[in-house]
Amino acid sequence: MAILLPISAFVLRIIRLDYRPLWWDEGRNIFFANLDWQTAAHVAVKSGDVNPPVYRMLLGVWMWLVGPSPFAVRLMSVFVGVVTVALLYRFAANAYNWHVGAIAGVLSVFAPPLIYYSQEGKGYALMVLAAVWSSWAWHKIHSNVLDDRKSLWGAIGIATFMGAGAHYFYFLFVIAQSLWTVVWCWSSKSLS
């Protein structure tokens, strides 16, 4: 199951990857990805662009490695989406059991929004990956399974940096996770 899910996710996300031409936002990301960070910041201010830079910087490195074709640009999101499926399966299996992990994995493989966002040269797939990664680390911190909490807080920090650097909507997730932490801490103290 752990191997079948990512392979299935990859196949579903790679089909018709370059069927549609690049659209405005993808082209804008490619444009900014080709600039150094200082020039990109200057052009963003001058043009009124408000997208965060992390996804674009990663896309620049990706395009340097594999090329700037529409297929290659979108392929980065495909790989991010496949990693998300694998991580979501692992998270659900660790949190509950392998049956729940399998259900979560299958649902994430076939979820139309996850497929769609894994086929765009935008930061949405990276934002979802960051949310799943952060949730897994948060769960481990609060489940008292591990004593190595510093590295888990580091993982949450990196995930937050990636997610917020991919799209500002990630801050809604940060708020929800923070509220959940407050509720968890309050309920833990009231049970003591």
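Just so you know, these numbers come straight off a predicted model, no measurement behind them.

**What to know about the environment of Leu114**
Within the secondary structure, Leu114 sits in helix α7 (residues 112-117). A relative accessible area of 23% means that Leu114 is categorised as partly exposed.

**Description of helix α6 (residues 98-110)**
Given a rise of 1.5 Å per residue, 13 residues ought to cover 18 Å, and the 18 Å separating the end C-alpha atoms of α6 matches this to within 8%. All buried positions along α6 are accounted for by Gly101, Ala102, Ala104, Gly105, Ser108 and Val109. End-on view of α6: buried residues confined to an arc of 165 degrees, all on one side of the axis. Residues of α6 that are exposed and angled more than 90 degrees away from the buried face: Ile103, Leu107 and Phe110. Against the buried residues of α6 lie α1 (4-14), α5 (70-95) and α7. Two or three places before His99, at the start of α6, stands the capping residue Asn97, its side-chain oxygen 2.9 Å from that residue's backbone nitrogen.

**Quick look at the side chain of Glu120**
When you line up the elements, Glu120 lands in the loop between α7 and α8 (124-142). Put simply, Glu120 is tucked away with no salt bridge, and the nearest opposite charge, on Arg20, sits 4.3 Å away. Polar contacts involving the side chain of Glu120 include one to the side chain of Trp23, which spans 3.5 Å. Not counting the four nearest positions on each side in its chain, Glu120 is found in contact with Arg20, Trp23, Glu26, Tyr55, Arg74 and Ser77.

**A look at the nonpolar core**
One recurring pattern in soluble globular proteins is that nonpolar side chains are buried together. Residues Tyr55, Leu59, Met63, Leu126, Leu129 and Tyr170 are the most contacted members of the largest nonpolar core, which totals 34 residues. Looking at this core, the elements that each hand over two or more residues are α1, α2 (24-33), α4 (54-66), α5, α8 and α9 (149-166). Ignoring any residue separated from it by four or fewer positions in sequence, one finds Leu126 in contact with Tyr55, Leu58, Val80, Met162 and Ala166. By size, the runner-up hydrophobic cluster in this structure holds six residues, among which are Ala137, Trp138, Leu152 and Ala155.

What counts and what doesn't
- Residue positions are given per chain, counted from 1 along the sequence in the order it is written.
- Since the coordinates come from a predicted model, pLDDT governs what is reported: local features require at least 70, and pairs of side-chain atoms require 80 or more to be given and counted, while whole-chain, interface and lining totals use all residues.
- Side-chain figures throughout are based on the complete set of non-hydrogen atoms in the structure, without hydrogens or water.
- Only DSSP runs of H or I covering at least 4 residues are called helices, and only runs of E covering at least 2 are called strands; the numbering of each starts at the N terminus.
- Buried residues are those whose accessible area, probed at 1.4 Å on protein chains only, stays under 20% of the maximum for their type, while exposed residues exceed 50% and partly exposed ones sit between those limits.
- Helices are assigned an expected span. That span is 1.5 Å times one less than the residue count.
- By arc we mean the arc of the directions from the helix axis to the C-beta atoms, nothing more.
- For this analysis, residues touch if any pair of their heavy atoms sits within 4.5 Å.
- Polar contacts, as counted here, are pairs of nitrogen or oxygen atoms within 3.5 Å of one another; within protein the pair requires one atom able to donate a hydrogen and one able to accept it, and residues that are adjacent in sequence qualify only if both atoms are side-chain atoms.
- We score Asp and Glu as negative and Lys and Arg as positive, and we do not count His or the chain ends.
- The term salt bridge refers to a pairing of a side-chain nitrogen on Lys or Arg with a carboxyl oxygen on Asp or Glu at a separation within 4 Å.
- Nonpolar cores are built from buried Ala, Val, Leu, Ile, Met, Phe, Trp, Tyr and Cys residues. Side-chain atoms within 4.5 Å join them into one set.

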